[in-house]
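Spelled out, the chains give:
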Amino acid sequence: MTARHIEFERLHNFRDLGGHRSADGRTVVPGALYRSDSLGKLRGADWDRFLALGIRTVIDLRYPWEADAKGRVPEPHRFTYANLSIEHRPYDQAEIDPDIDPWRYLADRFAEVTEDGVEEIRQAIELIADAEPGPTVFHCTSGKDRTGLIAAFVLTLLDVPEEEILADFALTELATERLKADWHTAHPGRTMRWPAYGRAPATVMELVLADLEARHGSPTAYLTDHVGITPETVARLRARLLTPATSPTPTVPETA
């Protein structure tokens with residue numbers, strides 16, 4: 001795993017978005033915003049480790065029926081909890097046709113989310129910007145696609161370079177084998193048709209961002225003009241999640 005990953009026994013893809021650099025040289029504050037796979041898996045020592053992070057806001061990006069079936073974060077009353085399903089057209093990744101281009105297929109599913117889930121995407125980003133003091137975490141089932149999309153959008157609004165956004169998305173690859181093992185445990189007797197289940201190569205997010213540029217001019221234009229993220233929300237997001245700007249060192253005039 002990487003320094004961004006926080007080790008849990010039952011969670012495989014919990015990591016800190018802190019440390020990314022914005023174009024103006026500021027840094028995403030460590031310990032302020034986390035992304036994860038399903039928090040419904042938290043138990044025992046994992047639960048204690050999660051509570052020790054001081055998280056105050058939990059954003060669950062799954063369908064309500066997923067949360068009902070697989071469980072929400074334990075004791076949701078402890079947190080500001082929001083279930084915002086950004087995906088509206090469910091599909092089964094384990095059943096993806098192995099003969100098609102899987103990365104283009106996934107990028108097309110992301111495109112559906114960016115069109116169908118505008119309202120929930122806006123609400124999720126606004127909640128991250130306006131959450132009560134304390135860290136925030138957002139998650140889906142594997143912490144890969146829906147979570148990866150919101151992470152990419154937040155980092156875009158923080159003016160983090162695209163290469164870092166792609167690298168962040170691809171870190172899920174370190175959790176792929178454990179995510180596949182979870183699937184097999186949850187579906188005894190089923191055959192996984194798609195051999196690349198749980199993969200998250202940077203190519204997928206690269207296609208997603210290129211699609212947004214083709215349709216909307218840029219990912220930022222999509223977020224501001226189509227989703228409706230206001231300049232005020234961007235300002236609050238940056239104030240909350242970026243280290244303060246450093247003042248330039250004053251120049252001392254030379255004396256004769």
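See the structure printed just above.
Cut-offs applied
- Residues numbered from 1 in each chain as written.
- Predicted model: local features only at pLDDT ≥ 70, side-chain atom pairs only at ≥ 80, totals over all residues.
- Heavy atoms only, no water.
- Phe/Tyr/Trp six-rings, centres within 6.5 Å; stacked < 30°, edge-to-face > 60°.
- Helix = DSSP H or I, 4+ residues; strand = E, 2+ residues; numbered from the N terminus.
- Buried < 20%, exposed > 50% of the residue type's maximum accessible area, 1.4 Å probe, protein only.
- Salt bridge = Lys/Arg side-chain N within 4 Å of Asp/Glu carboxyl O.
- Axes fitted to C-alpha atoms, helices over the stretch in contact; angles between N-to-C directions.
- Parallel < 35°, antiparallel > 145°, perpendicular 65-115°, else oblique.
- Contact = heavy atoms within 4.5 Å.
- Nonpolar A, V, L, I, M, F, W, Y, C, P; charged D, E, K, R; others polar.
- Pairing = 2+ DSSP bridges.
- Polar contact = N/O pair within 3.5 Å; in protein donor to acceptor, adjacent residues only side chain to side chain.
- Expected span 1.5 Å × (residues − 1).
- Left-handed = near helix turned anticlockwise from the far one by under 90°.
- Core = buried A, V, L, I, M, F, W, Y, C linked by side-chain atoms within 4.5 Å.

> Which residues make up the packing of aromatic side chains, and what are the values?
Scanning the model with the defined rule gives 12 aromatic pairs in all. Between Y91 and Y105, the aromatic rings sit 6.1 Å apart at their centres with planes inclined by 75°, giving edge-to-face as the arrangement. Pair noted here: Y91 is in the loop between β4 (80–83) and α3 (102–116) and Y105 is in helix α3, with a separation of 14 residues, a long-range link. Assessed through its relative accessible area of 25%, Y105 is described here as partly exposed.

> With reference to specific residues and values, describe the pattern of salt bridges.
Tallying each qualifying case throughout the model produces 25 salt bridges. Between D108 and R104 there is a salt bridge, with its nearest N and O atoms 2.9 Å apart. In this pair, D108 and R104 both sit in helix α3, four residues apart, roughly one turn of the helix. Residue classification places D108 among the partly exposed positions, given a relative accessible area of 31%. For R104, a relative accessible area of 27% puts it in the partly exposed group. Where R236 meets D130, a salt bridge forms, and the shortest distance between an N and an O atom there is 2.5 Å.

> Please provide a residue-by-residue account of the packing of helix α4 (residues 118–130) against helix α9 (residues 219–227), values included.
As a packed pair, α4 and α9 sit with axes 10 Å apart at the nearest point and diverge in direction by 105°. Taken together, the axes of α4 and α9 lie roughly perpendicular to each other. Contacts between α4 and α9 involve V118, I121, R122 and I125 from the former and Y222, L223, H226 and V227 from the latter. In the contact of α4 with α9, the residues fall into six nonpolar, one polar and one charged.

> Explain the sheet that holds β4 residue by residue, including any values.
If you trace the five strands from one edge of the open sheet to the other, you get β1-β2-β5-β3-β4, paired in mixed fashion. In the strand order of this sheet, the two ends are held by β1 (15–16) and β4, each with one partner. Relative to strand β5 (residues 136–139), strand β2 (residues 33–36) is paired through four bridges, and the arrangement is parallel. The residue of β5 that forms the bridge with S36 is H139.

> I'd like a rundown of the environment of E173, residues and numbers included.
Mapped onto the secondary structure, E173 falls in the loop between α6 (162–170) and α7 (176–186). Ignoring sequence-local partners within four residues, the contact set of E173 consists of R199, A200 and P201. A distance of 2.7 Å separates polar atoms of two side chains, one belonging to E173 and the other to R199.

> Break down α3 for me, citing the residues and quoting the values.
The terminal C-alpha atoms of α3 lie 21 Å apart, and with 15 residues this matches the ideal 21 Å at 1.5 Å per residue to within 8%. Listed in full, the buried residues belonging to α3 are P102, W103, L106, A107, R109, F110, A111, E112, V113 and T114. Looking at the buried residues of α3, the elements they touch are α4, α5 (146–157), α6, α8 (202–216) and α9.

> I'd like a description of the packing of α6 against α8, backed by residues and values.
For the pair α6 and α8, the least separation of the axes is 8 Å and the interaxial angle reads 135°. Comparing their axes, α8 and α6 come out oblique. Crossing angle aside, the handedness with which α6 passes α8 is right-handed. Facing α6, whose interface residues are E162, I165, L166, F169 and A170, α8 presents A202, V204, M205, E206 and L209.

> Could you give an account of the pairing of β2, naming the residues involved and the relevant values?
Covered by surrounding structure in β2 are L33 and R35 together with Y34 and S36, the residues of both alternating faces. Here β1 runs beside β2; their pairing, made up of two bridges, is antiparallel. When the sheet's bridge partners are listed, R15 is paired in β2 with R35.

> Requested: an account of the nonpolar core, with residues and values cited.
Formed by 56 residues in total, the largest nonpolar core has its most connected members in I121, I128, F138, I150, L158 and M205. When contributions to this core are tallied by element, the ones reaching two or more residues are α3, α4, α5, α6, α8, α9 and α10 (231–241). Counting residues per element, this core draws most heavily on α5, at eight residues. Listed in part, the 13 residues of the second largest apolar core include F14, W47, V58 and V137.

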